[in-house]
Amino acid sequence: MSNAIEVRHLNKYFAQRHIVKDLSLTIEQGKICGFLGPNGSGKTTSIRMLCGLLTPDSGTGQCLGHDLINNYAAIKKQTGYMTQHFSLWKKLSVRANLRFLARLHRLTAAGKRVDDVLEQMGLTQRQHQLAGNLSGGWKQRLALAAALLHRPKLLLLDEPTAGVDPNARREFWHILHQLAEQGITILVSTHYMDEAERCHQLAYLCWGTLLATGDIPSIIARQNLQTWQVRGENIHWLENTLRGKPGIQYLTRLGNVLHVTGGRGDVTEQTLRWHGKHHQFISVETGLEDIFSHLLNQYEQQEVK
Ligand SMILES: Nc1ncnc2c1ncn2[C@@H]1O[C@H](COP(=O)(O)OP(=O)(O)OP(=O)(O)O)[C@@H](O)[C@H]1O
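Residues numbered from 1 in each chain as written. Predicted model: local features only at pLDDT ≥ 70, side-chain atom pairs only at ≥ 80, totals over all residues.

A few words on the UniProt feature "domain: ABC transporter" (unreviewed entry) in the protein chain. The UniProt record marks residues 5-232 with the feature "domain: ABC transporter" (unreviewed entry), using the residue numbering of this structure. With 33% helix and 30% strand, the stretch residues 5-232 has end C-alpha atoms that lie 48 Å from each other. (UniProt positions renumbered as here; feature names shortened; annotations may be inferred. Helix = DSSP H or I, 4+ residues; strand = E, 2+ residues; numbered from the N terminus.)

Before going further, it helps to examine the packing of helix H3 (residues 94-104) against helix H4 (residues 110-120). Where H3 meets H4, the axes come as close as 10 Å, and the angle between the chain directions of the two elements is 130°. For the element pair H3 / H4, the angle class is oblique. Here H3 and H4 pass one another in a crossing that is right-handed. For the pair formed by H3 and H4, the contact residues are Arg95, Leu98, Arg99, Ala102 and Arg103 on the first element and Ala110, Arg113, Val114, Val117 and Leu118 on the second. Partitioning the contact of H3 with H4 into residue classes produces 6 nonpolar, no polar and 4 charged. (Axes fitted to C-alpha atoms, helices over the stretch in contact; angles between N-to-C directions. Parallel < 35°, antiparallel > 145°, perpendicular 65-115°, else oblique. Left-handed = near helix turned anticlockwise from the far one by under 90°. Contact = placed C-beta atoms within 7 Å. Nonpolar A, V, L, I, M, F, W, Y, C, P; charged D, E, K, R; others polar.)

A few words now on the pairing of strand E4 (residues 58-63). With 5 bridges connecting them, strand E1 (residues 3-14) and E4 associate as antiparallel partners. Paired with arginine 8 across the two strands is threonine 60, which belongs to E4. Here 2 bridges tie E4 to strand E5 (residues 66-67), and the two strands are oriented antiparallel to one another. Counted as the bridge partner of glutamine 62 is aspartate 67 from E5. (Pairing = 2+ DSSP bridges.)

Here the focus is the sheet that holds strand E8 (residues 185-189). Backbone hydrogen bonds hold the strands of a sheet together, and the pairing may be parallel or antiparallel. One open sheet holds the 6 strands; their spatial order is E6-E7-E8-E3-E9-E10, and the pairing between them is mixed. With one partner strand each, in any of the chains shown, strand E6 (79-82) and strand E10 (209-214) form the two edges of the open sheet. If you compare each strand with its neighbour and ignore which way they point, the axes differ by 15° on average. Here 4 bridges tie strand E3 (residues 32-36) to E8, and the two strands are oriented parallel to one another. Considered in E8, the bridge of glycine 34 is made with valine 188. The strands touched by helix H5 (residues 136-148) within the sheet are E6 and strand E7 (154-158), with E6 carrying the most contacts at an inclination of about 155°. Strand contacts of helix H6 (residues 166-181): E3, E7 and E8, with the helix running at about 150° to E8, the strand carrying the most contacts.

Pairing is antiparallel in the open sheet, where 4 strands are placed in the order E12-E13-E11-E14. Each edge of the open sheet carries a strand with a single partner, namely strand E12 (250-254) and strand E14 (280-284). If you compare each strand with its neighbour and ignore which way they point, the axes differ by 25° on average. Two strands pair when backbone bridges link them, and strand E11 (residues 225-231) and E14 are joined in this way by 5 bridges, in the antiparallel orientation. Opposite arginine 231, over in E14, you have glutamine 280 as the bridge partner. Contacts from helix H9 (residues 235-242) reach E11, E12 and strand E13 (257-263), with the element oriented near 20° to E13.

Right, let's get into the packing of H5 against H6. In the contact formed by H5 and H6, the axes pass within 9 Å of each other and the chain directions differ by 20°. When the interaxial angle is binned, H5 and H6 end up roughly parallel. Judged by the twist between their axes, the crossing of H5 over H6 is right-handed. Contacts between H5 and H6 involve Gly136, Gly137, Gln140, Arg141 and Leu144 from the first element and Ala168, Phe172 and Ile175 from the second.

Turning to helix H1 (residues 43-50), a few remarks are in order. With 6 of 8 residues buried, H1 lies mostly within the body of the structure. Phi turns positive, to about 85°, at glycine 52, one or two residues after H1. (Buried ≥ 20, exposed ≤ 12 C-beta atoms within 10 Å, placed from the backbone.)

With 64 residues, the main nonpolar core has Leu50, Leu98, Ala145, Leu156 and Leu187 as its most contacted residues. Per-element accounting of this core gives the leading share, 8 residues, to H5. Setting aside residues no more than four positions away along its own chain, leucine 156 makes contact with Ile47, Leu50, Cys51, Thr79, Tyr81 and Leu187. (Core = buried A, V, L, I, M, F, W, Y, C linked by C-beta atoms within 7 Å.)

All right, on to the site of the ligand then. Looking at the ligand, the residues that line it are Phe14, Ile19, Gly37, Asn39, Gly40, Ser41, Gly42, Lys43, Thr44 and Thr45. Looking at the shell around the ligand element by element, the count peaks at 3 residues for H1. Of the residues assigned to the shell around the ligand, the class counts are 2 nonpolar, 7 polar and 1 charged. (Near = placed C-beta within 6 Å.)

Our focus in this paragraph is the confidence of the model for the protein chain. For the protein chain, mean pLDDT is 94; residues scoring 70 or higher make up 99% of the total. Both scores are available for the predicted complex, with the pTM at 0.92 and the ipTM at 0.96. (pLDDT = per-residue confidence, 0-100.)

Relative to the assigned elements, histidine 294 resides in helix H11 (residues 288-304). Once the C-alpha coordinates of histidine 294 and threonine 261 are considered, the two residues, 33 residues apart in sequence, prove to be 10.0 Å apart. Setting aside chain neighbours within four positions, we find histidine 294 in contact with Gln223, Leu225 and Gln249.

Below is the structure:
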């Protein structure tokens, strides 16, 4: 399996600010990589460097076999980029939007190509609807259709499902998996943990620094955290009682269930047994949200030192 993206030590500055710091990232062809991290961490900037819209200040690499610095035009041609605030022509129909873009791309057999992406995105029934009248979920699909018109091998999607309802997001992700199965590589930024869990691989960027990359089980295992799921009466009381106690790092409430996380081998379990005498608890896998909070805390502590 070849790598669609293989970049090393990319750096980007805006004025004096170091926005992307030494970014090294590898993504295999046909895989979906989730790009996560707090707002303003440099995800969009990184995406723009990968598709040749921004030149890195230093670093090397290739996308789709083309050199990132010397051959960015070839990368651009084979990449579909869906921006955070994608624009469509509200007063044109779905089909007319795509026809117009196909013309901009100078695509041959544009009518057939538009038919194909309409079909692929499940938009055929809505092709004559005005784009401005589509719901959020259908607008995202139209934006994805637009990004796919020129048959890209790489898709860079910047928060494509922000503000979209869960059902539409699920359908959108079903399409992403179909595209990956066809060999299209996808880098998608998101703040949703359920979406992160749907990815083959994750990259977690924090204030320009890549803190973790790899598949989910290996990212979780590397952090050496242990989590207990706790049930019982007065869970709210237990949550408040445990806060700040020895071995307690993260407390996450999910309705009437409390997740308690601490370092592996730490005194978390003893603390829990002491305070939660009347509660039931079982060991569960640590959630991604806690893993990312942990990475962020560790990073901020190091920065303070
Ligand atoms: N063209 C620019 N000129 C100057 N500063 C910029 C420019 N583009 C982005 N920045 C700054 O770089 C930092 C990283 O921005 P970026 O949009 O890459 O982060 P992000 O992780 O994608 O954020 P979000 O999750 O909010 O979309 C921010 O502080 C932003 O203000």
